[in-house]
Amino acid sequence: MEYVLTIIMCAFVEGKTQCMPPFTLNQTYKDGYTCMLDGYTKSYDKIVEIGREEVNKYNIYIKFGCSENISNKKST
C-alpha cells in the first residue's frame, strides 16, 4: 500500500482562520510512518522558509495528513 502526503497552510488573522487549498505532493511513501516523518520535515522546512516575522505576524501554522494513495487503485 502506498501513501500520499497532503499539506494545508493556515493563518489566524483578526479572529478568523484562513487556509490555503490542500496541496497533495506527487511523491508516494511505502507506509504511513515514512509519510508522517516527511510531513513533519516538510512542515518544519516551510515554516523556516516563511520566517519568524511572517509566522508571528499572521499566526501561520501547517496541518498535514497521510492517506492511502487511491489514484492507482483498481476498482473491483
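Our structure's up above, just so we're on the same page.
Below or above, wherever it landed, is the structure these notes cover. Note that this is a predicted model, so its numbers are computed, not measured.

Overview of the overall build of the chain
Next up, step 1: Helices and strands together make up the secondary structure of the chain, namely 2 helices and 4 strands.
Next up, step 2: Beginning at the N terminus, the succession of helices and strands in the chain can be written as β-β-β-α-α-β.
Next up, step 3: Buried residues in the chain amount to 22% of all 76 residues.
Next up, step 4: At a minimum sequence separation of 6, the contacts of the chain that also span at least 24 residues come to 65%.
Next up, step 5: Taken together, the 9 basic and 9 acidic charged side chains of the chain have centroids lying 4 Å from each other.

Topic: the environment of Asp 45
Next up, step 1: Counting through the fold element by element, Asp 45 comes out in helix H1 (residues 32-50).
Next up, step 2: Using a relative accessible area of 42% as the deciding quantity, one classes Asp 45 as partly exposed.
Next up, step 3: In sequence terms Asp 45 and Tyr 61 are 16 residues apart; their C-alpha atoms lie 12 Å from each other.

Points about the packing of aromatic side chains
Next up, step 1: Counted according to the given criterion, the structure contains 1 aromatic pair.
Next up, step 2: Consider the rings of Tyr 40 and Phe 64, whose centres lie 4.8 Å apart with planes at 85°: the pair is edge-to-face. Taken as a pair, Tyr 40 in helix H1 and Phe 64 in strand E4 (residues 60-68) lie far apart in primary sequence, 24 residues in all.
Next up, step 3: A residue is classified by how much of its surface remains accessible, and Tyr 40, at 54% relative accessible area, is exposed.

Details of H1
Next up, step 1: Over its 19 residues, H1 extends 27 Å from the first C-alpha to the last, a length consistent with the 27 Å expected when each residue adds 1.5 Å.
Next up, step 2: Inspection of H1 places Cys 35, Asp 38, Gly 39 and Ser 43 among the buried residues, and these make up the whole buried set. Viewed end-on, H1 has its buried residues packed into an arc of 140°, placing them on one side of the element. Opposite its buried face, H1 presents the exposed residues Tyr 33, Tyr 40, Tyr 44 and Val 48, each directed more than 90 degrees away.
Next up, step 3: Buried residues along H1 sit against strand E1 (3-13), strand E3 (23-29) and E4.
Next up, step 4: Positive backbone phi, at 100°, marks Gly 51, one or two positions downstream of H1.

Remarks on the nonpolar core
Next up, step 1: Counting residues in each nonpolar core, the largest one holds 6 residues, listed as Leu 5, Ile 7, Leu 25, Tyr 29, Cys 35 and Ile 62.
Next up, step 2: Of all the secondary structure elements, the ones that give two or more residues to this core are E1 and E3.
Next up, step 3: What Tyr 29 contacts, discounting residues up to four positions off in sequence, is Met 1, Glu 2, Tyr 3, Val 4, Leu 5, Thr 34, Cys 35, Asp 38 and Lys 42.

Quick notes on the rules
- Residues numbered from 1 in each chain as written.
- Predicted model: local features only at pLDDT ≥ 70, side-chain atom pairs only at ≥ 80, totals over all residues.
- Heavy atoms only, no water.
- Helix = DSSP H or I, 4+ residues; strand = E, 2+ residues; numbered from the N terminus.
- Buried < 20%, exposed > 50% of the residue type's maximum accessible area, 1.4 Å probe, protein only.
- Contact = heavy atoms within 4.5 Å.
- Lys, Arg positive; Asp, Glu negative; His and termini not counted.
- Charge placed at Lys NZ, Arg CZ, Asp CG, Glu CD.
- Phe/Tyr/Trp six-rings, centres within 6.5 Å; stacked < 30°, edge-to-face > 60°.
- Expected span 1.5 Å × (residues − 1).
- Arc of directions from axis to C-beta.
- Core = buried A, V, L, I, M, F, W, Y, C linked by side-chain atoms within 4.5 Å.

What is shown is where atoms sit, not what they do.
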